[in-house]
Amino acid sequence: MQIDCEMKKNWIIILFLSVSVLGCKPTYYTHQVNYLEETAQTISLRCVGYGNDRFMAINNAEQAAFKELLFRGVPLSQQKDALVSTNESESLRKNNSYFNELLSKGRYKTFIISSTPVSDISHYKGSLKQITVDVKINLYGLRKDLEQNNIIRPFGY
């Protein structure tokens, strides 16, 4: 009898741990960044951002716009190729201090001409909220900054 109770107890613990581990799947959400318009010096993008509150969600949308420009490019625009490289992890590793300052510490905001929420904040998953923001970026200034910091070569070189 003692073995059966101990065995049941072990099976319950194993089952509980299995369910716990399987239930801890990471949550992935994709950023939606869409081209709106551009001039010779600016680009406007509509971005969906996620966060625990309105402020975080707007910052997330703005950062998504910059990551799209820097590492992926924006289809249907003159910026269809990435400004830096499509190898995001390698670029971040090689130029860690620059991108840490730009993205993590909020320096990207100096290149934002306007950031306008176009939707109310809404529930996404769990405690996450989402918001849609139109972000207009000084593309000329961003490109010059990347050149001056030797992240990209000047055009024509």
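A brief structural summary. (Residues numbered from 1 in each chain as written. Predicted model: local features only at pLDDT ≥ 70, side-chain atom pairs only at ≥ 80, totals over all residues. Heavy atoms only, no water.)

Overview of the packing of aromatic side chains
Remark: the centre distance and the inter-plane angle together describe each pair of aromatic rings, the angle taken between the planes.
Item 1. Applying the stated criterion across every chain, the model contains 4 aromatic pairs.
Item 2. Geometrically, the ring pair formed by tyrosine 50 and tyrosine 124 is tilted, given 4.6 Å between the ring centres and 55° between the ring planes. Placement of tyrosine 50 in strand β2 (residues 42–51) and of tyrosine 124 in the loop between β4 (122–123) and β5 (129–138) is noted, with a sequence separation of 74 residues between them.
Item 3. A residue is classified by how much of its surface remains accessible, and tyrosine 124, at 24% relative accessible area, is partly exposed. (Phe/Tyr/Trp six-rings, centres within 6.5 Å; stacked < 30°, edge-to-face > 60°. Helix = DSSP H or I, 4+ residues; strand = E, 2+ residues; numbered from the N terminus. Buried < 20%, exposed > 50% of the residue type's maximum accessible area, 1.4 Å probe, protein only.)

Some details on the environment of glycine 126
Item 1. Tracing the backbone shows glycine 126 in the loop between β4 and β5.
Item 2. With relative accessibility at 61%, the residue glycine 126 sits in the exposed group.
Item 3. Along the chain, glycine 126 and asparagine 52 lie 74 residues apart, while their C-alpha atoms are 9.4 Å from each other.

Quick word on the side chain of glutamine 79
Item 1. Mapping glutamine 79 onto the fold places it in the loop between α2 (54–72) and α3 (88–94).
Item 2. Relative accessible area serves as the criterion here: at 10%, glutamine 79 is assigned to the buried category.
Item 3. Looking at glutamine 79, its side chain comes within polar contact range of the side chain of arginine 143, at 2.6 Å.
Item 4. Sequence-distant contacts of glutamine 79, defined by excluding residues within four places in its chain, comprise Glu38, Ile43, Leu69, Gly73, Val74, Leu139 and Arg143. (Polar contact = N/O pair within 3.5 Å; in protein donor to acceptor, adjacent residues only side chain to side chain. Contact = heavy atoms within 4.5 Å.)

Considering the pattern of salt bridges
Item 1. Applying the stated criterion across every chain, the model contains 6 salt bridges.
Item 2. Its salt-bridge partner being lysine 144, residue glutamate 147 comes within 3.4 Å of it at the nearest N-O pair. Of the two residues, glutamate 147 and lysine 144 are both situated in helix α5 (residues 139–148); the distance of 3 residues between them amounts to about one turn of the helix. (Salt bridge = Lys/Arg side-chain N within 4 Å of Asp/Glu carboxyl O.)

Overview of the packing of α2 against helix α4 (residues 96–104)
Item 1. Between α2 and α4, whose axes approach to 11 Å, the crossing angle comes to 145°. Contacts between α2 and α4 pair Gln63, Phe66, Lys67, Leu70 and Phe71 from the former with Phe99, Leu102 and Leu103 from the latter.
Item 2. Residues that form the contact of α2 with α4 fall into these classes: 6 nonpolar, 1 polar and 1 charged. (Axes fitted to C-alpha atoms, helices over the stretch in contact; angles between N-to-C directions. Nonpolar A, V, L, I, M, F, W, Y, C, P; charged D, E, K, R; others polar.)

Topic: the nonpolar core
Item 1. Core analysis: the largest hydrophobic core is formed by 32 residues, its most contacted members being Leu45, Leu69, Leu70, Val84, Ile137 and Leu146.
Item 2. Of all the elements in the fold, those that place two or more residues in this core are β2, α2, α4, β5 and α5.
Item 3. Considering every element that reaches this core, the biggest residue donor is α2, with 9 residues. (Core = buried A, V, L, I, M, F, W, Y, C linked by side-chain atoms within 4.5 Å.)

Some details on the environment of glycine 141
Item 1. Structurally, the position occupied by glycine 141 is in helix α5.
Item 2. For glycine 141, a relative accessible area of 17% corresponds to the buried category.
Item 3. With 100 residues separating them along the chain, glycine 141 and glutamine 41 place their C-alpha atoms 7.9 Å apart.

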